[in-house]
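Residue-level structural notes
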Amino acid sequence: MLSNIDSLMHGFGVALSGYHIMLMMGGVLLGILVGVLPGLGAPNGVTLLLPLTFGMDPVSAIILLTSLYWGALFGGSTTSILFNIPGEPSSVATTFDGYPMARQGRATEALTCAFLSAGFGALVGVIVITLLSTAVANFALRFGPPEYFAVYLLAFASFIAFGGGTPLKTIISLCLGFGLGMVGIDTVSGNMRLTFDFDQLVRGISFLVVVIGLFGLGELLLTIEEGPEFKGASGRIDPREMFRTMGRMPRYWLAMLRGSAVGVWMGITPGGPTAASFMSYGIARRVSRNRANFGKGEPEGVIAPETADHSAGTAAMLPMLSLGIPGSATAAVMLGGLMIWGLNPGPMLFIEQHDFVWGMIASMYLGNVVGVVLVLATVPLFAAMLSISFSIIGPIIVTVCMVGAYTVASSPFDLWIALVFGAVGYAMKKLDYPLAPLILAMVIGDKAEDAFRQSMLSSNGSLSIFWSNWLVGAITTLAILFLLWPLTMLLRRPAQTTDPDAATHAP
Amino acid sequence: MRMTIAALGAALSLAATLPAALAEEWKPTRPVEFVVTSGAGGGTDVFARAVQAAIAKHDLVPTSVVVTNKGGGSGVEGYIYGAAAKADPHKVIFGTNNAWTLPMVVKTSWQTENFVPVAIMAFDEFMLWVKNDSPFKTAADFVAAAKEKPGTLRMGGSQTHDTDQTLTVLVEKAANIQLKYIPYQGGGTVGTQLAGGHIEANTNNPSESLGGWRGGQVRPLCVFRKAPMPEGQKVAGDKGWGDVPTCASQGLNVTEFNMPRTVFLPPGTPPEAQAYWVDVFRRASETPEWKDYVSRTSQNGELVTGDAMVKRINAEEADTRKIFEEAGWLVK
């Protein structure tokens, strides 16, 4: 551990130069822009910048790309909070409480909360990487198909079981998500599923496009129906509110630590940032002291997913470097970059490319500090956007949504999908169907299915493989306990469950 | 041959409508799109970006070149996109042998022979890998263990009905053994699954497991090649790629198996554009950047174009079809 701190100091020596700080600022700013635009997203942003890095030395190249990633993670929360449009898949959970806060005129508070907790999560992630690099890498190797499935099951269980909503409606929404995630080619059988011989469906239905429709367009339809009360909500912007929120942050230390722990866990086990944010929100909604207020504009409901999202995004860099496992879509693109710069991800990278690895880790500290400062500077600007009249901002949102839906895969067909899901999202909200289970099922449903079937191939169809060692056994058992939690609550405190609070307003 | 005939036919009909001077030379006039039939970070993606880097460095193409990833449906998306860009020489499609294996195993709306072939830029080799502390020292040990306990050794690979599973079938047939094939999403995952001991063996390309071998997690038993790979730098300890014996020499009689890295143009592209791109790719293959990519990824950098490429494709297609038919993978 001490030698790791030595290495880190060496890394700061590599990363701290005027040129690198400039790259960080440029990367973070570009990233915020990319993150704010729904659909564009961090993976696309990194892909677009990749050719630029061919002429750079690897340390500068990775600093530019990771800074862009941090920026995009920050930026993704902005539109979630202001317009209920998640700029990044991992900021879907931020809409649940962030958007209600913005509608109550607390946009500044919500944004500040989100950015500070995100920065905190990233810091925890990078500290874990610094101190435990080798141990964590070896731990990640223990994950085979049964372990993967157990991790996904745990994510499902903690979100679904701790969530509110009518059970039947939750299940319907969940199944719709599984079905949508299934479209396209199936890894295990190699066959096309649910494509109906449509060329456009071969690549599957993009989760990002569905989110743009369900959240962005669906919300807009609701706003139009309810009348444009959008503007009055937060006409006043008080920069001092930002500092007051900063002062209140330490009060949420428990929520931040819990979120970071969930995030680090999901980043190292390859659950990914999106699943991490859902899981963290689900757990917080059950155990927080303010749980009754969740879904109605509770700061903790912003803090929980944001810390988890960022600590997972940061921690996922470790399996990428040391094993070549991409923990997220963005990490997959960066892996491609590593190969082009002439580096081979693997256990030897830490030994042979000392400058690169520790330069990058050091830049993660610096990049996130730069990110928090820059993104906080944008808060008044973004919060001011809410005071623009709806007749102006509404059409702009539609345009941005459509541009975003097109950018995902440069396919005009996706525009129709976004429109259809706009209508679906509106209908689901009117009928009180929760959207979150659908999203979660779409994101990790097919991965969970692959892992389950790979496990079954391996065990010749015996379920005992999910208890074949202490690791997978412990995760599976925990997941099942989580699933049974609502049931035990029902037995112990029958009066509590009839409380309509939080249940009907759950996202 | 079918492909050249199709290309020639298209060319003749086009040439008849064009003034002779125009038909002679073609040059891109707009930005060129390299369509990659894999996701960002996949083998085909790295391949296309290596070509892009070589072209940019030596100014081989007068306009700008952008790479787009269309890897949905195991790459089907990229070919659908290419087929839709009828006769547009500004779209260049990068793939592997998936250009002709995909239509065999899934229902596609395009046919391989309609695409205009440009070049095979390289061939990626395959090796039999085991975990570093595995009891198997040679391919013969592996075969013997599989004979003892049929259907229990787990062989990992990327995707279903793709190169890894094809090679697994060939190994099973050659050694008269039964393995348990488990498909994963990509070569990188398959490598770490082996390192973690979740499978007993895999057939990764050298570049996919280079990091794992250096780091002492996995080691190669043999290479599916007629002769050992050329002696290069040492990779792990005192061993280099050239020290890995051929599988045939260890009694596992699959003499040659490799994966071509292919480049095509959309159906109906005129021959002068085809000639232009053949020339560009030939010059790209001579750049130091390309040579560096080939040696870093331990591929065979043989360039195949024109008639030779069509012959090669047709021969491979016929072989593969036979294997797929026996395995029952063909779609009706």
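Remember, predicted model here, so these are calculated numbers, not experimental data.

**What about the confidence of the model for chain A?**
- Here chain A shows a mean pLDDT of 85. Residues at 70 or above account for 93%.
- Note on residues 495–507 of chain A: pLDDT is under 50 here. Beyond four places in sequence and across chains, it has 24 contacts.

**Considerations on the environment of Ser91 of chain A**
Residues and elements named next belong to chain A.
- Structurally, Ser91 can be placed in the loop between helix H4 (58–83) and helix H5 (92–103).
- Using a count of 32 C-beta atoms within 10 Å as the deciding quantity, one classes Ser91 as buried.
- Taking the C-alpha atoms as reference, Ser91 lies 15 Å from Ala102; in sequence the two are 11 residues apart.
- In contact with Ser91, other than residues within four places in its own chain, are Gly76, Ser77, Ser80, Pro86 and Asp309.

**Describing the interface of chain B and chain A**
- Facing 43 residues of chain B, the contacting portion of chain A comprises 42 residues.
- Counting only elements with at least two residues in the side of chain B that touches chain A, the list comes to helix H3 (43–58), helix H4 (76–84), strand S7 (180–184), helix H8 (187–195) and helix H9 (206–214) of chain B.
- Of the residues contributing to the side of chain B that touches chain A, the split by class is 12 nonpolar, 23 polar and 8 charged.

**Concerning the packing of helix H11 (residues 253–268) of chain A against helix H12 (residues 272–287) of chain A**
Residue and element names in this part refer to chain A.
- Interhelical geometry of H11 versus H12 gives an angle of 145° and a closest axis separation of 9 Å. When the axes of H11 and H12 are compared, the crossing they make is right-handed. Judged by residue contacts, Ala255, Arg258, Gly259, Val262, Gly263, Met266 and Gly267 of H11 engage Gly272, Ala275, Ala276, Met279, Ser280, Ile283 and Ala284 from H12.

**Observations concerning the pairing of strand S6 (residues 154–158) of chain B**
Residues and elements named next belong to chain B.
- Counting buried positions over the 5 residues of S6 gives 5, a clear majority of the element.
- Side chains Arg154, Gly156 and Ser158 of S6 all project onto a buried face; the interleaved residues Met155 and Gly157 project onto the opposite face, where all are buried too.
- Each parallel crossover has a hand, and for S6 linked through helix H7 (residues 163–175) to S7 it is right-handed.
- Direction of pairing for S6 relative to strand S8 (residues 201–202): parallel, over a ladder of 2 bridges. Bridge pairing in S8 links Gly156 to Asn202.

About the criteria used
Residues numbered from 1 in each chain as written. Chains lettered and ligands numbered in written order. Predicted model: local features only at pLDDT ≥ 70, side-chain atom pairs only at ≥ 80, totals over all residues. pLDDT = per-residue confidence, 0-100. Contact = placed C-beta atoms within 7 Å. Helix = DSSP H or I, 4+ residues; strand = E, 2+ residues; numbered from the N terminus. Buried ≥ 20, exposed ≤ 12 C-beta atoms within 10 Å, placed from the backbone. Nonpolar A, V, L, I, M, F, W, Y, C, P; charged D, E, K, R; others polar. Axes fitted to C-alpha atoms, helices over the stretch in contact; angles between N-to-C directions. Left-handed = near helix turned anticlockwise from the far one by under 90°. Right-handed = clockwise from strand over helix to strand, strands pointing away. Pairing = 2+ DSSP bridges.

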